[in-house]
Amino acid sequence: PYSDATSLYCVIDISGGPTAEKYPVRYTTLAPVHTAGQNDPCKTTELWLKRVKAGTVQMGRTQMTDYGAYKTHTCTLTNDYYLGIFPVTQAQFKNIDEKEGRDLSQFTNSLYAATRPVDSVNFTTVRNPTHWSKGYDKTDAVADGCIIAYLRKRTGFKTLDLPSDWQWEYACRAGTTSQRYPGAEYRYSGNSKPPEDYEFYSEKGKWPEEYGTSYVDRYAPNPWGFYGMIGNVGEWCANWHSTDIAEGSELIEPRGGVPVADGASPSSRRYRFHVMRGGGWSKNANHTYSYSRYNEDTWSGDDSVAFLNKGFRLCIPVREVYDTLSK
């Protein structure tokens, strides 16, 4: 049962690890029980996704700044979807990844690592190992051997994916119109750098929790119950980075998966990499707004690059859930 007054969660049990043939899936109206910083199942051996009701959101910078006015546009989501309430943690990643022993995080202090997000994962590892920058086909297909493919195979959800740029911002704003959702706390390089006597590469496993990323539920969630959407780790989205969206344009996403904007085709893509959202501890405050889209830096813009500030959360269109349950 689902109504505007009832939250609904999709829970994927990944406790079987990367050798499991299938991951059991269940649904519940009860929110996960967890304690900040503790290795609770919802942050280690389960993936919790919360249903988001479709609607319309005004995206982009909605306030004047010293630089003048910025582009805004209306986005209409026509399908409900489930979105991960946390970014994927280091423990969850290891329960999914078939490449044994791979550690894609820089902050590996054993006291906190399990529930800190993966922070050094590139787009090609998560979704598509064949990418534009290497001269391969400009494809949106999910390729074998990536995290999304592993999850699709073990859950039966054929359209499980990263959220689109629009799905991400819609959930991040959570019905608000402010630049950050009310009560948002965020960490960025200005207040989370280590003291001078910490040498990054040799001491990364010993970094205290207060430096770099934080465990995923350290800060309060936004009004819709999603944690860490701003200022912990940057999060990959499914769509390509582009500046083709015109001011005031109407965006409609009919599938709830990889986005379609005004009939845009691959030829309209201007960059070779995908959108990231959420800022992250290593970005400055300008990247920690609900509307901030980035990955434009030359040195880190490539989909194959993963360093310090790149993680992800998961998304499932509700139509896919219905189709799966009906079988």
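**Considering the nonpolar core**
Part 1 of the reasoning: Counting 34 residues, the largest nonpolar core has Phe 312 and Leu 314 as the members making the most contacts within it.
Part 2 of the reasoning: Counting residues per element, this core draws most heavily on helix α4 (residues 147-155), at five residues.
Part 3 of the reasoning: Ignoring anything within four residues of it in the chain, the contact list for Leu 314 reads Leu 47, Leu 49, Tyr 82, Leu 83, Gly 84, Val 88, Ile 148, Leu 151, Leu 160, Asp 161 and Pro 163.
Part 4 of the reasoning: In this structure, Met 59, Cys 75, Phe 86 and Val 216 belong to the second largest nonpolar core, which totals 28 residues.

**Thoughts on the pattern of salt bridges**
Part 1 of the reasoning: Counting across every chain of the model gives 13 salt bridges.
Part 2 of the reasoning: Glu 98 serves as the salt-bridge partner of Arg 154, at 2.7 Å between the closest nitrogen and oxygen. One end of the pair, Arg 154, is in helix α4; the other, Glu 98, is in the loop between α2 (90-96) and α3 (123-126), with 56 residues separating them in the sequence.
Part 3 of the reasoning: A relative accessible area of 35% means that Glu 98 is categorised as partly exposed.
Part 4 of the reasoning: The salt bridge involving Asp 161 is made with Arg 127; its shortest N-O contact spans 2.7 Å.

**Description of α4**
Part 1 of the reasoning: The buried count for α4 comes to seven of nine residues, which makes it a mostly enclosed element.
Part 2 of the reasoning: Backbone geometry just downstream of α4 places Gly 156 in the positive-phi region, at approximately 85°.

**Describing helix α5 (residues 165-173)**
Part 1 of the reasoning: Among the nine residues that make up α5, nine are buried, leaving the element largely enclosed by the rest of the structure.
Part 2 of the reasoning: All of the buried residues along α5 are Asp 165, Trp 166, Gln 167, Trp 168, Glu 169, Tyr 170, Ala 171, Cys 172 and Arg 173.
Part 3 of the reasoning: Where α5 terminates, the next one or two residues include Ala 174, which has phi positive at roughly 55°.

**Some points on the confidence of the model for the chain**
Part 1 of the reasoning: Confidence in the prediction of the chain, expressed as mean pLDDT, is 76, and 69% of residues score 70 or more.
Part 2 of the reasoning: When mean pLDDT is taken per element in the chain, helix α1 (residues 41-44) scores highest with 98 and strand β8 (residues 250-253) scores lowest with 41.
Part 3 of the reasoning: With pLDDT under 50 throughout, residues 131-137 is counted as low confidence; its partners more than four residues away or in other chains account for 14 contacts.
Part 4 of the reasoning: Considering only residues more than four positions removed or in separate chains, one finds that residues 244-270, a stretch of pLDDT under 50, has 63 contacts.

**Considering the sheet that holds strand β12 (residues 315-317)**
Part 1 of the reasoning: Pairing in this open sheet of five strands is antiparallel, and the strands run β2-β1-β3-β6-β12 from one edge to the other. This sheet does not close on itself; its edge strands, each paired only once, are β2 (25-28) and β12. For this sheet, the mean inter-axis angle between neighbouring strands, taken without regard to orientation, is 25°.
Part 2 of the reasoning: With four bridges connecting them, strand β3 (residues 46-52) and strand β6 (residues 81-84) associate as antiparallel partners. Of the residues in β6, the one forming a bridge with Arg 51 is Tyr 82.
Part 3 of the reasoning: Each of β3, β6 and β12 is contacted by α5, which is oriented at about 75° to β6, the strand it contacts most.

**As for the side chain of Asn 95**
Part 1 of the reasoning: Mapped onto the fold, Asn 95 is located in helix α2.
Part 2 of the reasoning: The class of Asn 95 is buried, set by a relative accessible area of 17%.
Part 3 of the reasoning: Residue contacts for Asn 95: discarding those within four places in its chain leaves Ile 14, Gly 17, Pro 18, Tyr 23, Thr 44, Thr 45 and Arg 154.

**Quick look at the environment of Thr 29**
Part 1 of the reasoning: Tracing the backbone through its elements, the reader meets Thr 29 in the loop between β2 and α1.
Part 2 of the reasoning: Given a relative accessible area of 40%, Thr 29 falls into the partly exposed group.

**Here we look at the side chain of Gln 92**
Part 1 of the reasoning: Mapped onto the secondary structure, Gln 92 falls in helix α2.
Part 2 of the reasoning: When sequence neighbours within four positions are dropped, the list of residues in contact with Gln 92 reads Ile 14, Cys 42, Lys 43, Thr 44, Glu 46, Leu 47 and Pro 87.

Calculation rules
- Residues numbered from 1 in each chain as written.
- Predicted model: local features only at pLDDT ≥ 70, side-chain atom pairs only at ≥ 80, totals over all residues.
- Heavy atoms only, no water.
- Core = buried A, V, L, I, M, F, W, Y, C linked by side-chain atoms within 4.5 Å.
- Buried < 20%, exposed > 50% of the residue type's maximum accessible area, 1.4 Å probe, protein only.
- Helix = DSSP H or I, 4+ residues; strand = E, 2+ residues; numbered from the N terminus.
- Contact = heavy atoms within 4.5 Å.
- Salt bridge = Lys/Arg side-chain N within 4 Å of Asp/Glu carboxyl O.
- pLDDT = per-residue confidence, 0-100.
- Pairing = 2+ DSSP bridges.
- Axes fitted to C-alpha atoms, helices over the stretch in contact; angles between N-to-C directions.

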